[in-house]
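Coordinate inspection notes
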Amino acid sequence: MPRSTAAALPFGLTEEQQTIAGMVREFSDEQIAPHALDWDADHHFPVDVIRRTADLGMGGIYVREESGGSGMGRMDAALIFEALSTGCPSVAAYISIHNMVAWMIDKYGNDEQRAKYLLPLVSFEHLGSYCLTEPNAGSDAAALRTSAREDGDSYVLNGVKQFISGAGTSETYLVMARTGQDGPRGISAFIVEKDTEGLGFGPNEQKMGWRAQPTRQVIMENVRVPKDNLLGEVGQGFKIAMSGLDGGRLNIGACSLGGGQAALEKAIEYMGERQAFGSELTGFQALRFRLADMQSQLEAARSLLWRAANAYDAGDPNTSLLSAMAKLTATDVGFDVANKALQLHGGYGYLTEYGIEKLVRDLRVHQILEGTNEIMRVIISRKSTGVG
């Protein structure tokens, strides 16, 4: 992540934020980037490295300090996830999902739930997974069919969750299930532990990218959870689920910028070494202009993302609109810059050893998750026009 751009932005960065960004980038350069290609090739989930990020406060970034977290804001998180993603967007994105789970338990949980679940999460002793999407309920999340039937002092859960990051490895699952009527008001949230009887997992999905984290179905067959594991109130689940999306969209946008930044840096290095027609590639003005466009794209998207993150921290009523704009822009730009960087590498960009094709594969899914970019356009148009 460039160190010189922040001062040029109207809202700038505090000295503490610059220190945080630099510290995380250093960790990413030393602990993540050198291993990212091997993790991708081996479909390896680097839990040991993820746990080391707890020493930097990454297990509970915006969990309150009194709950054992780092107590940072969404602007801090944007810096953190961009820096982490320069090493590996797949690993960084999982850490974002884990933090969503921890934050939801901190925000909506009671004292007993915080005491039981948060300390293992913020220390990364336990990993967390967020379970909303289903085989037939993606963008239309309110149509989910996983059921939670009240039975004495428990709820019995049945259903299947799809595309769940960390599934099978995580110890703590935040599950959205239907306790009542159709639609969003009939959904409640539950904390489910990995060793609960009836909880199972599908095979690890074979994916285009994000290979350094497992993605599996979470299958519930008469999973009995105590009523004490209801998060928030009955019927509040959809609200809880949606409350995490603004922050999740900022984080995945930041992950896209980190991946795009890494791709740009690789392209600049390659062009300074590669000779063609008797000159380094950087000697060709047309190619330098391509780099200029890529850098400008990233800076523009970063500015919008930081604007949205600051709005979130300030409680701005336009936060959801700005978060949708930032997610749409940053994920499109990150993928586009990585794709252009691959082109600048020529045939070498298509080889795994240069790391560019991995970034292209990893960043492509960012345009789909946390709400597809088509859904982002729906949100933006509705909030802008009041129509729809």
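Residues numbered from 1 in each chain as written. Predicted model: local features only at pLDDT ≥ 70, side-chain atom pairs only at ≥ 80, totals over all residues. Heavy atoms only, no water.

With that settled, consider the overall build of the protein chain. If you tally the helices and strands in the protein chain, you get twelve helices and ten strands. Against the globule reference of 21 Å for 388 residues, the protein chain gives a C-alpha radius of gyration of 21 Å, in line with a compact fold. Projected onto its principal axes, the C-alpha positions of the protein chain cover 80 × 45 × 40 Å. Looking at the 388 residues of the protein chain, the share that counts as buried comes to 56%. Long-range contacts, defined here as pairs at least 24 residues apart, represent 74% of the contacts in the protein chain between residues at least 6 apart. Surface exposure of the protein chain reaches about 16,300 Å², of which carbon and sulfur atoms provide 50%. In the protein chain, which carries 36 positive and 48 negative side-chain charges, the distance between the mean positions of the two groups comes to 6 Å. (Helix = DSSP H or I, 4+ residues; strand = E, 2+ residues; numbered from the N terminus. Rg over C-alpha atoms; globule rule 2.2 N^0.38 Å. Buried < 20%, exposed > 50% of the residue type's maximum accessible area, 1.4 Å probe, protein only. Contact = heavy atoms within 4.5 Å. Areas by Shrake-Rupley, 256 points an atom, 1.4 Å probe, with all protein chains shown as cover. Lys, Arg positive; Asp, Glu negative; His and termini not counted. Charge placed at Lys NZ, Arg CZ, Asp CG, Glu CD.)

Below, the discussion takes up empty space enclosed by the protein. By the definition in use, this model includes one cavity of 30 Å³ or more. Roughly 40 Å³ of internal volume is contained in the largest cavity. Among the elements of the structure, α5 (89-108) and α8 (245-273) are those that each provide at least two residues to the lining of the largest cavity. Class assignment of the residues belonging to the lining of the largest cavity gives a composition of three nonpolar, five polar and one charged. (1 Å grid on protein atoms, 1.4 Å probe; cavity = no way out; pocket = protein on both sides within 12 Å on 5 of 7 lines; lining within 4 Å. Points joined across faces, edges and corners; volume = space filled by probe spheres on them. Nonpolar A, V, L, I, M, F, W, Y, C, P; charged D, E, K, R; others polar.)

Let's shift gears to the packing of α5 against α8. In the contact formed by α5 and α8, the axes pass within 10 Å of each other and the chain directions differ by 165°. As far as their axial angle goes, α8 and α5 are roughly antiparallel. Along this stretch, α5 crosses α8, giving a crossing that reads as right-handed. On the side of α5, the interface is formed by P89, A92, A93, S96 and M100, while α8 contributes G248, N251, I252, C255 and G259. In the contact of α5 with α8, the residues fall into six nonpolar, four polar and no charged. (Axes fitted to C-alpha atoms, helices over the stretch in contact; angles between N-to-C directions. Parallel < 35°, antiparallel > 145°, perpendicular 65-115°, else oblique. Left-handed = near helix turned anticlockwise from the far one by under 90°.)

Estimated volume of the largest pocket: approximately 1,400 Å³. Forming the walls of the largest pocket are 46 residues, and the residues nearest its centre are T133, I368, L369, E370 and G371. Those elements that provide at least two residues to the lining of the largest pocket are α5, β3 (154-165), α7 (237-243), α8, α10 (319-344), α11 (356-364) and α12 (373-385). Take the lining of the largest pocket: its biggest share by element is five residues, from α12. Class assignment for the residues of the lining of the largest pocket results in 22 nonpolar, 14 polar and ten charged. Estimated volume of the second largest pocket: approximately 250 Å³. Forming the boundary of the second largest pocket are 15 residues, of which A33, T86, G87, A262 and K266 lie nearest the centre. The dominant element in the lining of the second largest pocket, judged by the number of residues it contributes, is α8, at four residues. Grouping the constituent residues of the lining of the second largest pocket by class yields six nonpolar, three polar and six charged.

Here Y108 lies in helix α5. Non-local contacts of Y108, meaning those with residues more than four positions away in its chain, are made with L231, G232, Q236, K239, I240 and S243. A polar side-chain atom of Y108 sits 2.9 Å from a polar atom in the side chain of S243. (Polar contact = N/O pair within 3.5 Å; in protein donor to acceptor, adjacent residues only side chain to side chain.)

Summarising burial for strand β4 (residues 172-178): seven of the seven residues are buried, a large majority. Alternating positions in β4 separate into two faces, T172, L174, M176 and R178 on one and Y173, V175 and A177 on the other, with burial throughout. The pairing of β4 with strand β5 (residues 187-193) spans seven bridges and is classified as antiparallel. If you follow L174 over to β5, its bridge partner there is I191. (Pairing = 2+ DSSP bridges.)

This paragraph deals with the packing of α8 against α11. It is the contact of α8 with α11, at a shortest axis distance of 10 Å, that shows an interaxial angle of 160°. Taken together, α8 and α11 sit at an angle that is classed as roughly antiparallel. You can see that α8 and α11 cross each other, and the crossing is left-handed. Of α11, the residues touching α8 (which contributes C255, S256, G259, G260, A262, A263 and K266) are I356, L359 and L363. Split into classes, the residues belonging to the contact of α8 with α11 amount to six nonpolar, three polar and one charged.

What follows deals with the pattern of salt bridges. Pairing is possible between side chains that carry opposite charge, provided their charged atoms lie close to one another. In this structure the tally under the stated criterion is 19 salt bridges. The salt bridge partner of R25 is D29, with a shortest N-O separation of 2.9 Å. Placement of both R25 and D29 in helix α1 (residues 15-32) is noted, with a separation of four residues, approximately one turn of the helix. One salt bridge in this structure joins R114 and D111, with 2.9 Å as the shortest N-O distance. Separated by three residues within a single helix, R114 and D111 lie in helix α6 (residues 111-122), roughly one turn from each other. By relative accessible area, D111 is classed as exposed at 57%. (Salt bridge = Lys/Arg side-chain N within 4 Å of Asp/Glu carboxyl O.)

Unusually for a residue other than glycine, F124 sits at a positive phi of about 65°. Summarising the element assignment, F124 is placed in the loop between α6 and β1 (128-131). Assessed through its relative accessible area of 0%, F124 is described here as buried.

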